[in-house]
Amino acid sequence: MNSLLYYPYINLPQNDWTIRALLYYDNVNTIAPTQYFYEPEHYNLFMREAIMNELITPVNPMDVLNNPYEVSLKFIEYLSARKGVIERRRRFFSNQAHKIHRDKFLSPYKQCKLHVNKFDDNVFDYLMEIGLAERIDYNWYNVENKTANDLMFLLSSAIADKIQSIVATDKIDYSFSQIYAQNNDVELRNRQYKKDLILKNLIPYPNQIDLSNLRRFKEKHHDLLIAFRNKVESIVLNSAISPESKIFEVTLDELKMQKEELSARMNESHLGNINFGTICGTISAAIGLFENSSVAAITGLLSAIYSVCKIERPESIIDQTGLKYLALVDKRMRIHK
């Protein structure tokens, strides 16, 4: 799949994980409540910019799912069958000292805000009844952290299946997701973990990046992105190359070396690749335009023309490795100081 659905938060984090996802997938989606579609100022600045550049697509669960109430029913069934889990979470969630001083604790039983528009009222009524949620205001509930993460994973899985996306997150610490993976598709989870490792090693995070430039870059080099993605997927789907194996380490080193070789070739002088007739024509045009100019002025102009040609030439580099996309990312996407 070339589409990703991020969870558990509305705003994707402004970090290396997100930039890698934006560079790798055709579509990156996030679950947003109805309120945010009418009041986009609730998104943080990074998200607003990414959405305006069509790099991230908000998805409203109430619009995508035909039966959104089924998510609540299935979750209530799942949690009701785990009385011990409910009691343990409720004990920590309702502890007033913990709630007052929760920033001083490392306990996972903290609170998490969930927007009322993401689910129907049944699930929130149930969670308040069993002591795992409390109403904050008209739009938000405080929900015990692990319970909120479990609920978001279930919702994300249902939406991802509907829109044909991969469920992904930059944080993996959810009990329901672990249970789901154990009972359903461990291999799928392992593949996603392997893919994240590959991308983390191959796409270093640029400290600054222009999102509008990122969109144009992906559109211009989409064929190269497909080639690169095929390269990565061939490794991900190879069960003989496990993340813990020596062959995985060697494969990554080889990919890094191929990328560095491509980058080096892009930085080489390409004057020899410029057609001699073109250079002569440029010289003649320059002399005609600046017949009263000095030789130094004409030479300076030609130097500028050569510099521009050199900058544009990396796209002409021939590549059989599938890593040209990465080499161009490194060369084109960074903001130079």
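Going by the structure above, here's the rest.
Basis of the calculations
- Residues numbered from 1 in each chain as written.
- Predicted model: local features only at pLDDT ≥ 70, side-chain atom pairs only at ≥ 80, totals over all residues.
- Heavy atoms only, no water.
- Helix = DSSP H or I, 4+ residues; strand = E, 2+ residues; numbered from the N terminus.
- Buried < 20%, exposed > 50% of the residue type's maximum accessible area, 1.4 Å probe, protein only.
- Polar contact = N/O pair within 3.5 Å; in protein donor to acceptor, adjacent residues only side chain to side chain.
- Contact = heavy atoms within 4.5 Å.
- Salt bridge = Lys/Arg side-chain N within 4 Å of Asp/Glu carboxyl O.
- Expected span 1.5 Å × (residues − 1).
- Arc of directions from axis to C-beta.
- Core = buried A, V, L, I, M, F, W, Y, C linked by side-chain atoms within 4.5 Å.
- Pairing = 2+ DSSP bridges.
- Axes fitted to C-alpha atoms, helices over the stretch in contact; angles between N-to-C directions.
- 1 Å grid on protein atoms, 1.4 Å probe; cavity = no way out; pocket = protein on both sides within 12 Å on 5 of 7 lines; lining within 4 Å.
- Points joined across faces, edges and corners; volume = space filled by probe spheres on them.
- Nonpolar A, V, L, I, M, F, W, Y, C, P; charged D, E, K, R; others polar.
- Lys, Arg positive; Asp, Glu negative; His and termini not counted.

Draft legend 1. How the structure looks around the side chain of Lys 195. Mapped onto the fold, Lys 195 is located in helix α11 (residues 186–202). The class of Lys 195 is buried, set by a relative accessible area of 4%. Separated by 3.0 Å, the side chains of Lys 195 and Glu 233 make a polar contact. The contacts of Lys 195, once residues within four sequence positions are left out, are Tyr 24, Tyr 25, Ile 166, Val 232, Glu 233 and Val 236.

Draft legend 2. Structural view of the environment of Val 116. Among the structural elements, Val 116 can be located in the loop between β4 (111–115) and α8 (121–129). Exposure remark for Val 116: the relative accessible area of 12% places this residue in the buried category. Remark: the alpha-carbon pair of Val 116 and Asn 139, spanning 23 residues in sequence, is separated by 5.3 Å. Setting aside chain neighbours within four positions, we find Val 116 in contact with Asp 121, Phe 124, Arg 135, Tyr 138, Asn 139 and Tyr 141.

Draft legend 3. Representation of the pattern of salt bridges. Applying the stated rule across the entire model yields nine salt bridges. Where Glu 144 meets Arg 89, a salt bridge forms, and the shortest distance between an N and an O atom there is 3.8 Å. With Glu 144 in strand β6 (residues 140–144) and Arg 89 in helix α6 (residues 83–93), this pair connects stretches of sequence that are 55 residues apart. Note on accessibility: Glu 144 and Arg 89 belong to one class, buried. The partner of Glu 233 in a salt bridge is Lys 195, and the shortest N-O contact between them spans 3.0 Å. Linking Glu 233 in helix α13 (residues 222–236) with Lys 195 in helix α11, this pair joins segments that are 38 residues apart in sequence. Sharing partners across several salt bridges, the network here consists of Glu 54, Arg 215 and Glu 219.

Draft legend 4. Seen up close, α11. With 17 residues, α11 should reach 24 Å at 1.5 Å per residue; the first-to-last C-alpha distance of 25 Å fits that figure. Listed in full, the buried residues belonging to α11 are Gln 192, Lys 194, Lys 195, Ile 198, Leu 199 and Leu 202. For α11, the angular spread of the buried residues around the axis is 165°, confining them to a single face.

Draft legend 5. Representation of the nonpolar core within the structure. Leu 4, Leu 22, Val 28, Ile 198, Leu 211, Phe 228 and Tyr 325 are the most contacted members of the largest nonpolar core, which has 49 residues in total. The next biggest cluster of nonpolar side chains, apart from the first, holds 31 residues, and it includes Cys 112, Phe 119, Phe 124 and Leu 151.

Draft legend 6. Structural detail: the sheet that holds strand β3 (residues 56–59). A sheet is described by the order of its strands in space; here four strands give the open sequence β3-β2-β1-β7, paired in parallel fashion. A single partner strand is all that each edge strand has here, and the edge strands are β3 and β7 (166–168). Pairwise comparison of adjacent strand axes, ignoring direction, gives a mean angle of 30° for this sheet. Relative to β3, strand β2 (residues 27–31) is paired through four bridges, and the arrangement is parallel. Bridge pairing links Thr 30 to Pro 58 in β3. Running at roughly 140° to β2, helix α9 (residues 145–163) makes contact with β1 (3–6), β2, β3 and β7 of the sheet.

Draft legend 7. Quick look at empty space enclosed by the protein. Under the definition given, this model contains two cavities of 30 Å³ or more. As for the second largest cavity, its lining consists of Leu 4, Trp 17, Arg 20, Ala 21, Tyr 25, Gln 192, Lys 195, Asp 196 and Leu 199. For the lining of the second largest cavity, the secondary-structure elements that each account for two or more residues are α1 (16–24) and α11. At four residues, the largest contribution of residues to the lining of the second largest cavity is made by α11. Looking at the lining of the second largest cavity residue by residue, the classes come out as five nonpolar, one polar and three charged.

Draft legend 8. Here's a closer look at the side chain of Lys 118. Inspection of the secondary structure assignment puts Lys 118 in the loop between β4 and α8. In this structure, Lys 118 is buried with no salt-bridge partner, the nearest side chain bearing the opposite charge being Asp 170 at 13 Å. If we ignore the near neighbours within four places in the chain, the residues touching Lys 118 are Pro 8, Ile 10, Ile 31, Pro 33, Pro 61, Met 62, Met 152 and Leu 155.

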